[in-house]
Amino acid sequence: MKAWVVVLLVFLLLLQSSSVNNRNKILNDGTVIEVLSVYEVAEIITGAPANILRAIAITESNENDDAVGDDGISRGRMQLNELYH
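No experiment lies behind these values; they were computed from the predicted model shown.

Peer 1: Just checking my understanding: could you explain the pattern of salt bridges for this structure?
Peer 2: Pairs can form between side chains of opposite charge once their charged atoms are near each other. The final tally for this structure, using the stated rule, is three salt bridges. Between Arg54 and Glu63 there is a salt bridge; the shortest N-O distance is 3.3 Å. Its relative accessible area of 27% is what places Arg54 among the partly exposed residues. Overall, Glu63 belongs to the partly exposed group, its relative accessible area being 25%. Measuring nitrogen to oxygen at the nearest pair gives 2.7 Å for the salt bridge that ties Asp65 to Arg77. Linking Asp65 in the loop between α3 (50-61) and β3 (68-69) with Arg77 in the loop between β4 (74-75) and β5 (80-81), this pair joins segments that are twelve residues apart in sequence. By sharing partners, the salt bridges in this structure join Arg54, Glu63, Asp65 and Arg77 into a single network.

Rules of the game
- All residue numbers refer to positions counted from 1 along the written sequence of the respective chain.
- Reporting of local features is limited, given that this is a predicted model, to residues whose pLDDT is at least 70; pairs of side-chain atoms are given and counted only at 80 or more, and all residues count toward the totals for whole chains, interfaces and linings.
- Values shown for side chains rest on all heavy atoms present in the structure; no hydrogens or waters enter the calculation.
- Salt bridge, as used here: a side-chain nitrogen of Lys or Arg that lies within 4 Å of a carboxyl oxygen of Asp or Glu.
- Three labels apply to residues, based on accessible area from a 1.4 Å probe with only protein chains included: buried if under 20% of the type maximum, exposed if over 50%, partly exposed otherwise in between.
- Each helix is a run of DSSP H or I of at least 4 residues and each strand a run of E of at least 2, with the numbering of both proceeding from the N terminus.

Rendered as structure tokens:
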């Protein structure tokens, strides 16, 4: 892995851990529920840390679900290659 990618991932991890995340949503009846991000759900399912998954998504596509790269071969937020999807 190239050094600049490692530096960027570390920076993004530090940035995310220092940000305040408002995860509570108040419903009309006053009930408070906790809303999980897509990365937190993926962490529960896969065991991969949510902050690492988010850092990869930011690095690969700036969290753009419609991103296309590698001459149309890689697609989506995580830039999955069609050969392995």
